[in-house]
Amino acid sequence: EQVRKSMLTLGKQQPDRVLAMCQDYLLKHPKVKSTPLYVIELTVSYPKIKSIISLASDEMTRSKDVIPDWQQAASNILVAVGNKHINDIMEEILSKFQPGLLPHFFVVQTLANLSDSNVYGMVPFLNAILGTMLPMLNMAKQDNMKWVFSSALCHFSDSILEYLANLDKAPDPTVRKDTFSSEIYAAFDILFNNWLQSRESKLRLTVAEALGSMCHLMAGDKLEEQIPKLIPAILSLYKKNNEHYIISKSLCQVLDASVNMGSRVLETQLDSLLFALHQQVSAPVDYSNPPTIKNHNEVLRCFSILANSFPDRLVMFVLQKLENSNERSRVGSLAVLRHLINSTTSTMEGKKLLILASIRQPMADHSNKVKKRVVQVISAMAHHGYLELEGGELLVRFIVQNCALPDTYQVQFGLQFEVTNEALRTMCDNTLHLLTTTVGRLADVLWPKLLYYLTPPQFSNATTPLCKSLIVLGNKKKSNQEPSFNIDFTQEGRRKIYSLEAFLSFPFRDRGHGAPSLSLLQTLSNNIHPNTETFWEKEIPPLLSILEGMKIYFLYQCIGMTLQQSFNKEVVRKQLQEVLLTARHNDAVEREGVAMGVGLCANSHLEGTLAKLDEFGKSDAFKKSPSIFNLLKERNDVEVEKVKSTLILCYGQVALNAPPEKILNRIDQDILRSISKHFNTKDFIKAEPADSMRTPVRHLVMTTCANLMYPSPFADCFCVSFVQNMVSFHNLGALLGRLSPRCSDPHPAVRTAAIDCIYTLLYIQLRYEGFSLDYKDDAVDSLLPLKDRLENPDHSVLYKACSDLTKVMSKRLPQQQMTTLVFMLFEGLVDSQTNCCRASSVILNTLLKNRGGGLQESYSSLSSCTALFSWFLPEKKLQKKMTLLCVGVHFSFQMTCGLKELLLNGQSQEPVVTLFPRLFSCLTVRLGASVGVSAPRDNNTKHTASHNLRVAADALRILLARAQLDEVMKRLDEDKAWDLIKEPNTHITGVTLLARAMSKHAGPRLPSIVECLCPSLNNIYECQRVTVTAFFSELLNHHVVTELMLIDVLMNNMMERISDPCCTVRMLSVRGLGNIAEGSPEKVQHSHTHKMFCSSVQKLKCFPTNAYTLTITSGSVLLQENDEIRCAAIHLMGNLSKFGSGEPVFKDQIHNVLVSLLLHLVDPNPQVVKACKFAMRVCAPVVGSEQITTMFQNHLHEDKSLHYGEFINDLTKYLVRHTLSNISMFFKSNWPEVRAGAAMFIGMTRLLAPNV
């Protein structure tokens, strides 16, 4: 595969040489496997077409036996070439398709595939091909030849029909069906009388499929003559084959052809047709098996075709089948009835009352499967005006009855197609909502009659969907000021109001009817009493919020209790993450609910809960999102504060609910430390407004103070930790740093005094931490025995004592004092007493081993000391020195100097080779960080801004020399690049020359360097972004990045930098994108060209806007109340399709706003409606469905009116079909869960729309 890809890449650059090589190879190795053929297939559009055709043809027919893989590959080449060079292909193929000789299998197969792929090129040849083929049919004795001839005839017939249906596009519009009728009939006779009776199932199905396609091309009298024999023969195939889709498809084509030519004998076959088709449509549909779905749809199409010619007999047949009590029969009959209502509207117009009367019998069926089909039929009837007729109210009652179904208490497992009460009830809920919102003509049918179902107890479980529908209807009538909105409540009507009020006593019963009942009361307020409207508008919304909050709070409590009982730590971790990431932090009630759930979980899982909260505190939820594609979702400061509030509440609930014996030790270490990162201490009382004394914050502060005055054990611990954080012994680190080296002083008295001072200082620190005066600390007390050891003048004993001393200090020293202590110890390294210098080294070594991890946060401030300290490390650890210094090079001039000195060390070559990518990237970034920055000043020296650049450039130059990159050095010296790099005004030019030299002479090192440099593109310092962008920009000017597979990484980074706030970075990123044309021209010829052009021009002209952000922005302002803004946004979206229609991001945005555009087709402003029609028409191809595109082009004209209901009804079917066609690919997924999800998706879609 890798060789094939490499040859393909070479072929795009030098097609003639590669093709010549492949031809020569195939001629010299006639028995070689198929790889070269695939290469040629992919490069077939290049010159030497004639020789390629000849080669592929010879390879395809070299062996008389059928060798599928090899010969199919050759055939595919011919078909691909035939799309552009049909005459050359036909000249070659017809030379091997001679009269009187049975052709090779793949010659016929190639002709069949050519007729599919190039209809307009092949049809002119088909008359001659058919004439040559007819005698060959009698010569075919083997089943595989019969199969390929049948398949070819099917393809030929379909191609001819497509050609005739599009004569306006055809090269020869004079072609007629009569041209092929005689040859087609002759072939039909052989296939029908001889081959259809074959024992081979696959051949029978292919012959049947061909016969169906050929019927449309036969003369009318010939077809009329064959119908009495053809239809029974096709019907008999149902019993002989397990797969029925091809049979139903063929039958549908036969019926269509018969009806189109006005057959008179078709009626004689009607009874057997209806019987067989009804059996097929009644068979259960397995939505996980696409052929069964296709078969069901083809059978329904057969019924539609028959309905146009025999409407009375067909309707009577279906209605009689409804009387049959057999469940399967009724389900099939209802499916046909629904399809006829939707597809043959004019034919069914006169039979509405008959259908209304007949539907009552299946409505009484006890089977949920039958009820489900009845609901689907009622939904179709509602859209076509049945429910307004007499008896239509019974259908509405049926829907409401099934909305009130109880839960299924006994689930029957193992029944594949069983319909539960819950599924049927949900379907009825959705249907009632659909009828309310989309079928405008039903408003007067449903309002106010749905109110009558609120009182009877048998409908109590339907209260929620009833209220929701009544709210929609009432608000619509109220806003339109329709007289029918006003209801004169009689005694019975008042009883319904009392019922709504009674529901509020138990708001969570009957599927949570409390909130919908309150909302309905608010809608009806004006009908109840004029004075209630204003009052309820003020009082009901808070009640709704309380109900919603109670529900959410209770749900989070349930989650917390469930996790508390769980033993699976991984499940607990994942669920906590889900709760914290998906919560609506802006909602105060939900914040408290989340905190309660997390606190309850901590009762059993304290460690895991604290770890997850700490991880959440470091997540992106506390940061703003800088991505240009997340502009609409960018979190502001207020939202981040709300997330912090949730986290602090969680810690509070954890402290409250966790076991007391476990939580006390974690208050300071985990809880208060984490809270302090997100909590700004201030005087809360002073921050409150002075004109109001009774505020919630004042109350909480005073309560907290009162609790702290009389603390519980927990509060006592809190007080100690709080005092520790507020008051600290800030000189402790400096004092210990001065005193600890004295423990190895040459004078014993000094050593003893030093240890006593350290002992006293550590106890003073314990007092600061809140410990009582009589508290004894074992670690600190262990210092007293050290005085005896310090009496010994032996250096090894003294240093061991210093090490033990340091261990005690590291335990008791606060983290914020560590920096000061390290500074003092560094000064001790140059103490006048040698013993003290060595003691400082020992103490530093022990301190860093025990507490070095905590110094990482303060690394930048310790950079100069770390550079100094690195010189005291053994020479054998030179690589560790370099690694240590790399971390600080970005931030510190001293670090750069230290690294430079290390590189000058003669033993640094081996570490340089190992760390080269990291060292190179660090120093390159340091170059950028040094532009315009002065070095640190002291009393003796003064440095200019360029001095920093020179130090970094010198370090980089030494690094290249150590890495033995002599050619890079030579090229940089010739171009005087070092001088350019060192000056701020020419720095970018110097970096460009550096990248050029690295591309030409150090290519293999680039992948690791690019990987190390990429993070710096998001650095907050623009000088560093400028340097890295300049480096990457020049890399794109060289083809080596394509060879190293870096092109996509670099190009994507350049595209992101176009959005950079720095003008220089944007300029360099556009330069880099332009360089692609020079470095990787083949990349420019593909889809990225348009993207780069649009983004570059737009972003340079009007930063930060580009085509994609315009798309997102225009989508977001569709909700604007200003008509002109909405109109302009929609027009803009349509115009943007000229630039971004081929881009995935643009497609995603069009799909995101499609629903908004559809809804604005009924916008009250006519100009907005016109803009929507324009935008949807020009953006239609982006949707990806030819049917939807055609529909938009035909119906959405600015100057024409639109029947919105029918338009949405038809569009919904196309959208569902388009979705189903896209999801079928997931049935081949490697993951069974994905395949199961795809099946469930299609199943649920078919459940709600089985006929789409």
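Since this is a predicted model, take the numbers as computed values, not measurements.

We now examine the overall build of the protein chain. Within the protein chain, the secondary structure is distributed over 67 helices and zero strands. With 1252 residues in all, the protein chain has 49% of them scored as buried. Long-range contacts, defined as pairs at least 24 residues apart, comprise 69% of the intrachain contacts of the protein chain with a sequence gap of at least 6.

The tally for this structure, following the rule as stated, stands at 38 salt bridges. Via salt bridges that share partners, Lys50, Asp88 and Glu91 belong to a single interconnected network.

Before going further, it helps to examine a nonpolar patch on the surface. On the surface, a nonpolar cluster with roughly 270 Å² of combined accessible area is contributed by Leu543, Ile546 and Met550. Position of Ile546 among the secondary structure elements: in helix 29 (residues 532-565). We classify Ile546 as partly exposed; its relative accessible area is 48%.

The biggest cluster of nonpolar side chains holds 157 residues, and the ones touching the most others in it are Leu137, Leu387 and Leu450. Top contributing element to this core by residue count: helix 8 (residues 119-139), with 10 residues. Among all residues touching Leu137, those that are not within four sequence positions of it are Phe149, Leu153, Ala187, Ile190, Leu191 and Trp195.

Right, let's get into helix 31 (residues 588-602). Working note: α-helix, 3.6 residues per turn, so residues spaced by three or four point in the same direction. Over its 15 residues, helix 31 runs 21 Å from end to end, which matches the ideal 21 Å to within 8%, given 1.5 Å per residue. Those residues of helix 31 that sit buried are Glu590, Arg591, Gly593, Val594, Ala595, Met596, Gly597, Val598, Gly599, Leu600, Cys601 and Ala602. Measuring from the side-chain oxygen of the N-cap residue of helix 31 to the backbone nitrogen of Val589 gives 3.0 Å; that N-cap residue is Asp587.

To continue, consider the packing of aromatic side chains. Summed over all chains, the structure comprises 12 aromatic pairs. Pairing Phe105 with Trp147 gives two aromatic rings, centres 6.3 Å apart and planes at 10°, and the pair type is stacked. On the criterion of sequence distance, the pair formed by Phe105 in helix 7 (residues 105-117) and Trp147 in helix 9 (residues 143-165) is long-range, its members being 42 residues apart. For Phe105, a relative accessible area of 11% translates into the label buried. Put simply, the rings of Phe916, Phe920, Phe1031 and Phe1032 pair up and form one aromatic cluster. Positioned over the ring face of Tyr386 is Lys352, at 5.3 Å from the centre of the ring. The aromatic ring of Phe916 is capped on one face by Arg1005, whose charged end is 4.7 Å from the ring centroid.

The next point concerns unusual backbone geometry. Here the bond from Trp447 into Pro448 is cis, since omega is 0°, no more than 30 degrees from zero. The residue Gln481 is not glycine, and still its phi comes out positive at about 55°. As for its placement among the helices and strands, Gln481 is situated in the loop between helix 25 (463-479) and helix 26 (491-503).

Across the protein chain, the average pLDDT comes to 79, with 79% of residues at 70 or higher. Predicted confidence in the protein chain is weakest over helix 46 (residues 863-870), with a mean pLDDT of 41, and strongest over helix 13 (residues 245-260), with 94. When the criterion is pLDDT under 50, residues 33-46 qualifies, and its contacts beyond four places in sequence or with other chains add up to 38 contacts. A low-confidence stretch, residues 859-877 stays under pLDDT 50, and its non-local contacts, those more than four residues away or across chains, total 34 contacts.

Further remarks concern the environment of Asp178. Within the secondary structure, Asp178 is located in helix 10 (residues 178-195). Expressed as a C-alpha distance, the spacing of Asp178 and Leu217, which sit 39 residues apart in the sequence, is 7.7 Å.

Between its first and last C-alpha, helix 22 (residues 392-403) extends 17 Å over 12 residues, near the 16 Å set by a 1.5 Å rise per residue. Those residues of helix 22 lying buried are Gly392, Leu395, Val396, Phe398, Ile399, Val400, Asn402 and Cys403.

Rules of the game
- For every chain, the first residue of its written sequence is number 1, and the numbers climb from 1 along that sequence.
- Thresholds applied to this predicted model are a pLDDT of at least 70 for local features of residues and 80 or more for the giving and counting of side-chain atom pairs; totals over whole chains, interfaces and linings are not thresholded and use all residues.
- Note that water and hydrogens are dropped before the side-chain values are worked out from all heavy atoms of the structure.
- Helix numbering and strand numbering both begin at the N terminus, where a helix is a DSSP run of H or I of at least 4 residues and a strand a DSSP run of E of at least 2.
- In this scheme, a residue with accessible area under 20% of its type's maximum is buried, one over 50% is exposed, and one in between is partly exposed, where area comes from a 1.4 Å probe on protein chains only.
- Contacts were defined at the residue level, with two residues in contact if any of their heavy atoms lie within 4.5 Å.
- Here, a salt bridge means any Lys or Arg side-chain nitrogen found within 4 Å of an Asp or Glu carboxyl oxygen.
- What goes into a patch is any residue over 30% in relative accessible area without a salt bridge, connected to like charges within 9 Å or, for nonpolar side chains (Val, Leu, Ile, Met, Phe, Trp, Tyr), within 5 Å.
- Accessible surface is estimated by sampling points in the Shrake-Rupley manner with a 1.4 Å probe; for residues, cover comes only from the protein chains shown.
- For our purposes a nonpolar core is just a set of buried Ala, Val, Leu, Ile, Met, Phe, Trp, Tyr and Cys residues, chained together by side-chain atoms within 4.5 Å.
- By this rule, a helix spans an expected 1.5 Å times one less than how many residues it contains.
- The term polar contact refers here to a pair of N or O atoms within 3.5 Å; inside protein, the definition further demands a hydrogen-donor-capable atom paired with an acceptor-capable atom, and it admits residues adjacent in sequence only when both atoms are side-chain atoms.
- Classification of ring pairs uses Phe, Tyr and Trp, with its six-membered ring standing for Trp, and accepts pairs whose centres are within 6.5 Å; under 30 degrees between planes counts as stacked, over 60 as edge-to-face, and the remaining range as tilted.
- For a Lys NZ or an Arg CZ to count as sitting over a ring, it must be within 6 Å of the ring centre and within 35 degrees of the ring normal.
- The quantity called pLDDT is the predictor's confidence in a given residue, expressed from 0 to 100.

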